[in-house]
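Chain by chain, the residues:
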Amino acid sequence: MSNIAVLGAQWGDEGKGKIVDLFCERFDIVARYQGGHNAGHTVRIGERRFVLKLVPTGILRPDKQVVIGNGVVVDPAALLEEIRDLEHAGIRVHGRLAISNRAHVIFPFHRMVEKISEARPDRVAIGTTSRGIGPCYEDKTGRRGIRMGDLVDRESFPELYRALAEDKQILARAFQLKETIDFDAIRRRYAELAECLRPMVCDTAALLNRAIASGRRVLFEGAQGTMLDIDHGTYPFVTSSNATAGGAATGTGVPPTRIHGVIGVSKAYTTRVGGGPFPTEVRGQEGDRLREAGNEFGAVTGRPRRCGWFDVPVVRYTAMINGFDSLVITKLDVLDDLDPIPVCVAYRLNGREITDMPDTHRALEAVEPVYEFLPGWRSTTSGLTRYEDLPSRARQYLQFLAERTGVEIGCISTGPERAQTIFVPGSKLEALLAGA
Ligand code: IMP
């Protein structure tokens, strides 16, 4: 029985929340493998709207188990708040959520470090979500981080915490921070939070591998998007983890041989939040129009998203990095009134067309997008559920994207509701969801 990963093909916010919620009906477990509460997955079920940050989307279906894998960084206070909100909304979390004992813990001083590094005049601001995500991953790779297993271990936590706090005190002094940080109060607070989290913390790699061995199916849920991946994204304007398919293995402890399919989620156009290159960005009124039509404001920070046209080189590249078996195209209806619709099909750099993704942000800032203009369909696709009901020009647009990116389009989202979805008959996606 196949396990699949569902992840972003662009710069995040592709609408993965709805897609994971929809697809996970066929799976037993949903596992998050990277990122933290910088992610915001919005899911609408009838009149109710949920924004999930750390808890995997499968929580919205009562019969699913959910896992926060070792590749995720966990802010215990944010997680407990999210759990409380979900339980208030009538969604049972306790007994269904398992948190990896190897996931790293975010502390308030990680946000302090982030503030220092984002505000330094000699450093380019990344435009982060200010959640302490990057500094927590820095401590992880610096081999001084504290993991969930340490946090809930009453014996070892105080000692490990003291060493980490000392490190941050040195930093605070070096940067002559004016705000005082009460390190003892943080330790006491985290010891309390640990009591609430302890029942959920376990060896999730063992849990997942046992589940798979017994025939249960796992859906790996990506956060952010491939172009924000620490290795393959638009470095340094990236997040600090591997949002790509490889991250599903390292971030959960499930071997790559047990992940049988990778589904990319892409908008019918492009958006990004924060700084960094964005070749097809449209500014001014046209950009505002896309932002309004697509309601492009961050689910976590509320920041307006930068908007632009579909970028074939980006999705061709992310398809290569992840090995997408199928693409899900979301928010097609946002383009309903546009005619013609520009699609970037190639980049030109220093007068020459290039085929590979530039490795530096400077080169990507300098590329000129080469556009083709596709005829718009000028009718509403909102809420359609059958491929044959799409206007022929909308089908033409989708076929064009599939041909140019080299990946089939297996599913199209035509609105935020579960039912507002088209499955393309005979697709590889259908076979993967069926378990083939
Ligand atoms: P960080 O993840 O907070 O360190 O932010 C690094 C970059 O990733 C910034 O440009 C953020 O705007 C971006 N980012 C982080 N999480 C998300 C997300 O869930 N959607 C879109 N962009 C994100």
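Residues numbered from 1 in each chain as written. Predicted model: local features only at pLDDT ≥ 70, side-chain atom pairs only at ≥ 80, totals over all residues. Heavy atoms only, no water.

## Notes on the domain arrangement of the chain
Interface size is commonly expressed as the accessible surface area that is lost when the partners come together. Going by this rule: Delimitation of the domains relies on an automatic or database domain assignment. It only takes one pair of heavy atoms within 4.5 Å for two residues to be counted as in contact. When two parts are brought into contact, each loses some accessible area as probed by a 1.4 Å sphere; the total of that loss over both is the buried area. The term salt bridge refers to a side-chain nitrogen of Lys or Arg lying within 4 Å of a carboxyl oxygen of Asp or Glu. Secondary structure is summarised from DSSP: a helix means a run of H or I of at least four residues, a strand means a run of E of at least two, and numbering begins at the N terminus for each. Just so you know the grouping, Ala, Val, Leu, Ile, Met, Phe, Trp, Tyr, Cys and Pro go in nonpolar, Asp, Glu, Lys and Arg go in charged, and all remaining residues, Gly too, go in polar.
Considered domain by domain, the chain is made up of domain 1 (4-99 + 205-261), domain 2 (104-197) and domain 3 (265-434). Taken residue by residue, the interface counts 22 residues in domain 1 and 20 residues in domain 2. With both sides pooled, the region where domain 1 packs onto domain 2 buries about 1700 Å², and carbon together with sulfur makes up 70% of that total. Broken down residue by residue, the surface that domain 1 buries against domain 2 is led by Val73, Pro76 and Leu80, which jointly contribute 30%. Scanning the region where domain 1 abuts domain 2 turns up one salt bridge. In this structure, the salt-bridge partner of Arg111 is Asp75, at a minimum N-O distance of 3.3 Å. At the level of elements, β6 (73-74) and α2 (76-88) are the ones that each hand at least two residues to the side of domain 1 that touches domain 2. Among the elements that make up the side of domain 1 that touches domain 2, the one with the highest residue count is α2 (four residues). Along the lines of polarity and charge, the residues of the side of domain 1 that touches domain 2 split into eleven nonpolar, ten polar and one charged.

## Examining the side chain of Thr381
Threshold: Classification of residues uses two cut-offs on accessible area relative to the type maximum, computed with a 1.4 Å probe and protein chains only: under 20% is buried, over 50% is exposed, and between them is partly exposed.
As for its position among the elements, Thr381 is in the loop between β18 (368-374) and α13 (392-405). On the basis of relative accessibility, which here comes to 0%, the residue Thr381 falls in the buried class. If sequence neighbours within four positions are ignored, Thr381 has contacts with Leu332, Asp333, Asp336, Leu390, Pro391, Ala394 and Thr414.

## A short note on the pairing of strand β16 (residues 341-349)
Rules: Any two strands are treated as partners once DSSP identifies two or more bridges connecting them.
Of all the nine residues making up β16, eight are buried; the element is thus mostly covered by neighbouring parts of the structure. Pairing of strand β14 (residues 310-311) with β16, which is carried by two bridges, proceeds in the parallel orientation. Within β16, the residue paired with Asp311 across the bridge is Cys344. For β16 and β18, the ladder comprises seven bridges, and the chain directions are antiparallel. Paired with Tyr347 across the two strands is Pro369, which belongs to β18. Relative to strand β17 (residues 352-354), β16 runs antiparallel, the two sharing three bridges. The residue of β17 that forms the bridge with Tyr347 is Ile354. Where β16 hands over to β17, the hairpin turn is made up of two residues, of which Asn350 adopts a positive phi near 50°.

## Description of unusual backbone geometry
With an omega dihedral of 5°, the bond running from Tyr235 to Pro236 counts as a cis peptide bond. Following the sequence through the fold, Pro236 ends up in the loop between β10 (218-221) and α9 (245-250). Following Asp339, the chain continues into Pro340 via a peptide bond in cis, with omega recorded as 0°. Phi is positive for Ser130, close to 60°, though the residue is something other than glycine. Its location among the elements puts Ser130 in the loop between α3 (108-119) and α4 (133-141). We classify Ser130 as partly exposed; its relative accessible area is 46%. Even without being a glycine, Lys331 presents a positive backbone phi close to 55°. Its location among the elements puts Lys331 in the loop between β15 (326-330) and β16.

## Considering α13
Note the cut-off: To estimate the expected span of a helix, subtract one from its residue number and multiply by 1.5 Å.
Helix length check: α13, at 14 residues, gives a terminal C-alpha distance of 20 Å against a target of 20 Å (1.5 Å per residue), a fit within 8%. Taken residue by residue, α13 has Ala394, Tyr397, Leu398, Phe400, Leu401, Ala402 and Thr405 as its buried positions. Gly406 sits one or two positions beyond α13 and adopts a positive phi of about 80°.

## Looking at the packing of aromatic side chains
Heads up, the rule is: In this scheme Phe, Tyr and Trp rings, the latter by its six-membered ring, pair at centre separations within 6.5 Å, and the angle between planes marks the pair as stacked below 30 degrees, edge-to-face above 60, and tilted otherwise.
Here the structure, examined in full by the defined rule, presents eleven aromatic pairs. Through a chain of ring-to-ring contacts, the aromatic side chains of Phe107, Phe109, Phe157, Tyr161, Phe183 and Tyr190 assemble into a single cluster.

## Section: the sheet that holds strand β1 (residues 4-8)
Within a sheet, each strand pairs with its neighbour through backbone hydrogen bonds, oriented either parallel or antiparallel. The cut-off we apply is this: Interaxial angle, 0 to 180 degrees, is taken between N-to-C directions of lines fitted to C-alpha atoms, where a helix line uses only the stretch in contact.
Strand order in the open sheet formed by ten strands is β9-β7-β5-β2-β10-β1-β11-β15-β19-β20, and the pairing between neighbours is mixed. Every other strand in the sheet has two partners, leaving β9 (201-202) and β20 (421-423) as the edge strands with one partner each. The pairing of strand β2 (residues 29-32) with strand β5 (residues 65-68) spans four bridges and is classified as parallel. Residue pairing across strands places Ala31 opposite Val67, the latter belonging to β5. Relative to β5, helix α8 (residues 204-213) is tilted by about 140°, and along the sheet it contacts β2, β5, β7 (97-100), β9 and β10.

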